[in-house]
Amino acid sequence: MKFEQHLSQQQKQVQKLAMTQQLQQSIQILQYNSEELFAYIEAKSLENPLIDIHTETNYGDFPSSGSRTYTNEENNYLNQIPDEHTSLFEYLIDQIHLNYRDTYLRTLVLFLVEYIDLNGYLMIDLEEATLKTGATAIEMLDALTLIQQLDPAGVGARDLHECLLLQIERDETAPELAYIVIEEEFDHLANRKWGMIAKKFDVALSEIQTIFDYIQTLTPAPGSIFESTSGLYIRPDLTLRIKDKQLTVRSNKTGTPTIQFQQAYFERMEATDDKEVQDYIKEKKNEFEWLEKTIIQRGDTILRVGTEIVQRQQEFFFKEDRPLKPMTLKEIAETLNIHESTVSRTVNGKYLETEFGVFELRSFFSHGLSNDNTGEETSTSSIKKQLQALVDNENKAKPLSDQKLVDLLKEQEIEISRRTVTKYREALGIPASSKRKRYDD
């Protein structure tokens, strides 16, 4: 009797474990973005012969802007990514073989290219390079000079200073004094000791300002344009349309993978007399049914959460300045009667397509600050927008201090501390007032 009871308990534990694993997989599928979901389904189809993957190829009664017929080839997200991607190293090698004759100097050039990092900088000291190759210092310097004549401009530099000089040297539109100012007064320019520079070169501060503005257009990492393009293509999960002042949110079916059941194959395998085959095919059928149900639940959850977000943030879609109301994950969770962690997984990596851009769902969440004067809350994003507007419209010759920004925001009935203004300013990438001062004519 004791043995039978023990066996019964063991069976119950095994069933509970299986359910836990499926629950964990369901949670993971909800967290997947579109590309990760496609990869997961594709992997499952390789394990399960009953899963057949299909991709929606049109919007049905929900057309996108402009009339166009879409094909499977166009809508497969994998086709949006280039088949081939040239690395910086490959690009440099091609130029070397095309431009330079097969000489000992070219051998040294090819040696140095091995030490160019992804940003385009040379990561080996020339003295060390001469020791490794047996070349003379002059030969190695000549080889580096040849590399620095290749594209992109700035490649082969040993530091930021040299990188900027290489770019200026090849730019016919550069301000007249740009090269010599960077060459001789790079640190003073960066530290905005412009009066000293202007006096040295006997020019107006406005000319130094022009040089500084020009330097901002140069790249500190010339090789970065060759970084991988993966992740640049976004497939929106939801699409928003506005008609007659009404907001409509629908799931974006185009290009979204769906699964279909291989009924004929199942019936053929089920009809065999082999018990192991029958058990196997039933197990795979249960797996298909679970996966189909989970994918549908994922889509429904994203649609429910997305619709609730849109309803709460209607002003964002109707007003040109795109204001956001304070909104938290907890509020959405309570309204939809789901767990807060479910909302968090739903909004991360999921995107809403609108007529004026594509937005990640989590970008619509913003905590609010209490406004003592009105009793209402203002979202941090709205405050940042107003802060940015004040800076954009300030007198650049006399930029606003953080305390002055506090005072101006207070006039707009937004009371926040100077410390908070500083934090928001830094988050927006706005330099301090001393760094924003300009010397235009």
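Where an unreviewed UniProt entry is consulted, the protein appears under the name RNA polymerase sigma-54 factor, with the organism given as Enterococcus silesiacus. Under Sequence similarities (unreviewed entry), UniProt gives the following word-for-word description of the protein: "Belongs to the sigma-54 factor family."

Let's shift gears to the side chain of Asn48. Topologically, Asn48 is positioned in the loop between α2 (34-47) and β1 (51-55). Residue class for Asn48 comes out buried when judged on its relative accessible area of 0%. Looking at Asn48, its side chain comes within polar contact range of the main-chain oxygen of Lys284, at 2.9 Å. Those residues within four positions of Asn48 in sequence are excluded, and the remaining contacts are Lys284, Glu287 and Phe288.

Here we take up the packing of helix α12 (residues 263-270) against helix α13 (residues 275-312). For the pair α12 and α13, the least separation of the axes is 9 Å and the interaxial angle reads 150°. Taken together, α12 and α13 sit at an angle that is classed as roughly antiparallel. α12 and α13 meet at a crossing whose hand is left-handed. Residue-level inspection shows Tyr265, Phe266, Met269 and Glu270 of α12 in contact with α13, the latter providing Val277, Gln278, Ile281, Lys282 and Lys285. Its residues placed into classes, the contact of α12 with α13 shows five nonpolar, one polar and three charged.

Examined bridge by bridge, strand β5 (residues 351-354) and strand β6 (residues 357-360) share four bridges and lie antiparallel to one another. Considered in β6, the bridge of Tyr351 is made with Glu360.

Further remarks concern the nonpolar core. Counting 24 residues, the largest nonpolar core has Leu92, Val109, Leu112, Val113, Ile116, Leu122 and Met140 as the members making the most contacts within it. When residues of this core are traced back to their parent elements, those giving at least two are α4 (88-99), α5 (104-113), α6 (126-133) and α7 (137-147). Setting aside residues up to four positions removed in sequence, Leu92 forms contacts with Val113, Ile116, Leu150, Asp151 and Val155. Ranked by size, the runner-up nonpolar core spans 21 residues in total, among them Leu238, Val310, Phe316 and Leu336.

As a further point, take the pattern of salt bridges. A pair can form between side chains of opposite charge whenever their charged atoms are brought close. Going through the model one piece at a time under the given rule, you end up with 18 salt bridges. A salt bridge links Lys200 to Glu185, with the nearest nitrogen and oxygen atoms 2.8 Å apart. Taken together, the residues span a long stretch of sequence, with Lys200 in helix α10 (residues 194-201) and Glu185 in helix α9 (residues 178-190) at a distance of 15 residues. A relative accessible area of 46% places Lys200 in the partly exposed class. Since its relative accessible area comes to 9%, Glu185 is described here as buried. The shortest N-O distance in the salt bridge between Glu394 and Lys396 comes to 3.6 Å. Lys396 gets classed as partly exposed once you look at its relative accessible area, which sits at 29%. Several salt bridges share partner residues, and in doing so they unite Glu184, Glu185 and Lys200 into one network.

Following both chains from N to C, one finds helix α17 (residues 380-392) and helix α18 (residues 402-411) inclined at 120°, their axes separated by 11 Å at the closest point. The chirality of how α17 crosses α18 is right-handed. In this structure, α17 contributes Gln386, Leu387, Leu390 and Val391 to the contact, and α18 contributes Leu405, Leu408 and Leu409. Taken together, the residues of the contact of α17 with α18 sort by class into six nonpolar, one polar and no charged.

Here we take up the packing of aromatic side chains. For the coordinates displayed, the defined rule picks out 14 aromatic pairs. Note on Phe316 and Phe356: the rings are 6.1 Å apart at their centroids and 55° apart in plane angle, and the pair reads as tilted. You can see Phe316 sitting in helix α14 (residues 314-318) and its partner Phe356 sitting in the loop between β5 and β6, a full 40 residues away along the chain. Residue Phe316 is classed as buried on the basis of its relative accessible area, which comes to 7%. For the pair Phe317 and Phe364, a centre-to-centre distance of 5.7 Å together with 40° between the ring planes defines the contact as tilted. Remark: Phe364 occurs in the loop between β6 and β7 (368-370) and Phe317 occurs in helix α14; sequence separation between them is 47 residues. Phe364 gets classed as buried once you look at its relative accessible area, which sits at 1%. A connected cluster of aromatic rings, assembled from ring pairs, spans Phe316, Phe317, Phe356, Phe359 and Phe364.

About the cut-offs
Residues numbered from 1 in each chain as written. Predicted model: local features only at pLDDT ≥ 70, side-chain atom pairs only at ≥ 80, totals over all residues. Heavy atoms only, no water. UniProt positions renumbered as here; feature names shortened; annotations may be inferred. Helix = DSSP H or I, 4+ residues; strand = E, 2+ residues; numbered from the N terminus. Buried < 20%, exposed > 50% of the residue type's maximum accessible area, 1.4 Å probe, protein only. Polar contact = N/O pair within 3.5 Å; in protein donor to acceptor, adjacent residues only side chain to side chain. Contact = heavy atoms within 4.5 Å. Axes fitted to C-alpha atoms, helices over the stretch in contact; angles between N-to-C directions. Parallel < 35°, antiparallel > 145°, perpendicular 65-115°, else oblique. Left-handed = near helix turned anticlockwise from the far one by under 90°. Nonpolar A, V, L, I, M, F, W, Y, C, P; charged D, E, K, R; others polar. Pairing = 2+ DSSP bridges. Core = buried A, V, L, I, M, F, W, Y, C linked by side-chain atoms within 4.5 Å. Salt bridge = Lys/Arg side-chain N within 4 Å of Asp/Glu carboxyl O. Phe/Tyr/Trp six-rings, centres within 6.5 Å; stacked < 30°, edge-to-face > 60°.

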